Amino acid sequence: MNITCLKEYDMNTKLGQIRSVPVALGKGMPKAVLFVYSTQGNLDPWPEEFNYPKDTLKMSLYTEDGVPMWTRDLGWGVIPGVWYTPFISFDLDGDGVDEIWFLNNLNPNLPFSLNARVLERIDPVSGKTTGQWKWPDNTIDDTMSHSYRFYITGGYAHGTPVLVTAQGTYRDMYLQGYNPDMEKRWDIKIPYGDGGARASHLCPILDFDEDGVDEMFWGERLISLDDGHELFCGDKGRYFGHSDIVMPFVDRASGRKFIFTCREDDEREGVPRVVTYNEKGERAWTGVPDIGHMHSGWLANIGPDCRKVAMAMRINRKVINNSIVDTEPTDFYFDAVTGEPLDDPLPFKGDEATPIDFNGDGQHEFYCTDGEKNGFVLDAKGNVLGYIGGHTVRSGKVIDHPGETVMVYYPEEGKVRIWGDADACENEFTKERFSNPYHFRMQHFMGTGYNHIHGHVSCGM
């Protein structure tokens, strides 16, 4: 394996946070990449994670080969956090050019103003604003942690693009769908007491039931982008908490679809924190533990038979010196299809690594993001295959290159690099897997929420 830097981007500043999506500029134009970044680390609406911003959020477009095209400073009204400022690239009008959509605040003196917030559209070629629409203030009377959790995504209904905006994650939740002319297509509210799960930090968009209409996994609910109706809500009446990870996948042997979930806390004891559903939203299996906060997870193909393994990580927190500190996490492993608990299938901690199929053979390698092997690429046996360093921005089909790649940022250098296997060669299994539209769309929607923070994610679709 030949782990090589394939692309490099210079932000010309230290980096405390960065998100990125690819952008199509239209026929005859180069491929492009959008970066949203700051020297300030990510700010969360939860009071235990919020601090006063020390820098503004910037937005820059580069060609895929690293040539800067334009930069905008979003100003002091835009709080540099993934929940405060979601963004995507999405061709809503169908002209072959991805507009950039983001949540802006037009009053730089009132960063928490909901009245001043707008959904803004940017022409990606010029970087200029081409439209603004009032952002719904549905959560104005809630707590800070619940008021400022916003989301933007999109998909297709019988070939027609549909833009989706959302407010609220843990309590009352509001979602709106928009047609290409920005006329509201549907508008729904999911009240706090409706008896079902809340949203998640990873919300896949795909035509799950293959009826020509994309669905959105809003937590453990499957919502139609055509009219906003709910196809199913897993564990309705049995689980009322919030899911950090929701990942659909396909069992290669049977062709059946499943949905793997990792859940946050539920005040009641005995409620499973790891649940996998079948294609109808019915429980396929549940895994211990039934207490704690399952904060991240992944799906990976391990071994020559590409056994699909599910990892769920329980976060453990303590208050030390008046601050909430994450202590040693606990990992749990399962056969993703049967739910059979597995002893440690890897010679390193799964929560410290991101599964990436660098060489395209269907088996995942692992890019270590923490621990003793931080920055190294390992195979499933723990052999060192290369060194990358840095911190993950996104991984998967980041660029058009055989196998999977990873985008990484380097805080002190102020640079972003894309790494892959220069000698990668995809087999028929991986060609089929990578051709699934889910892989493409996940790259475009990585700006929407915590996907990059809860980012130890490799989808099995």
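Residues numbered from 1 in each chain as written. Predicted model: local features only at pLDDT ≥ 70, side-chain atom pairs only at ≥ 80, totals over all residues. Heavy atoms only, no water.

Regarding the pattern of salt bridges
Counting across every chain of the model gives 29 salt bridges. Note that Lys349 is salt-bridged to Asp351, the shortest N-O span being 3.2 Å. The exposure class of Asp351 is buried, given its relative accessible area of 9%. The partner of Glu428 in a salt bridge is Lys431, with the nearest N and O atoms 3.8 Å apart. Pair noted here: Glu428 and Lys431 are both in helix H2 (residues 428-434), with a separation of 3 residues, about one helical turn. Taking relative accessible area as the criterion, Glu428 reaches 60% and is therefore assigned exposed. A residue is classified by how much of its surface remains accessible, and Lys431, at 42% relative accessible area, is partly exposed. Residues joined by salt bridges that share partners form a network here, namely Asp194, Arg198, Arg221, Glu230 and Lys236. (Salt bridge = Lys/Arg side-chain N within 4 Å of Asp/Glu carboxyl O. Buried < 20%, exposed > 50% of the residue type's maximum accessible area, 1.4 Å probe, protein only. Helix = DSSP H or I, 4+ residues; strand = E, 2+ residues; numbered from the N terminus.)

Here we look at the confidence of the model for the protein
Here the protein averages 91 in pLDDT, while 94% of its residues score no lower than 70. Overall, residues 449-459 carries pLDDT values under 50, and its contacts beyond four positions in sequence, including any with other chains, amount to 48 contacts. (pLDDT = per-residue confidence, 0-100. Contact = heavy atoms within 4.5 Å.)

Points about the pairing of strand E10 (residues 150-157)
Walk down a regular strand and you will see the side chains alternate between the two sheet faces. Across the 8 residues that make up E10, a large majority, 7, are buried. Pairing of E10 with strand E11 (residues 160-167), which is carried by 8 bridges, proceeds in the antiparallel orientation. Bridging from a neighbouring strand, Tyr156 pairs with Pro161 of E11. With antiparallel pairing between neighbouring strands as the criterion, E10 and E11 make up a hairpin whose turn holds 2 residues, including His158 at a positive phi of roughly 50 degrees. (Pairing = 2+ DSSP bridges.)

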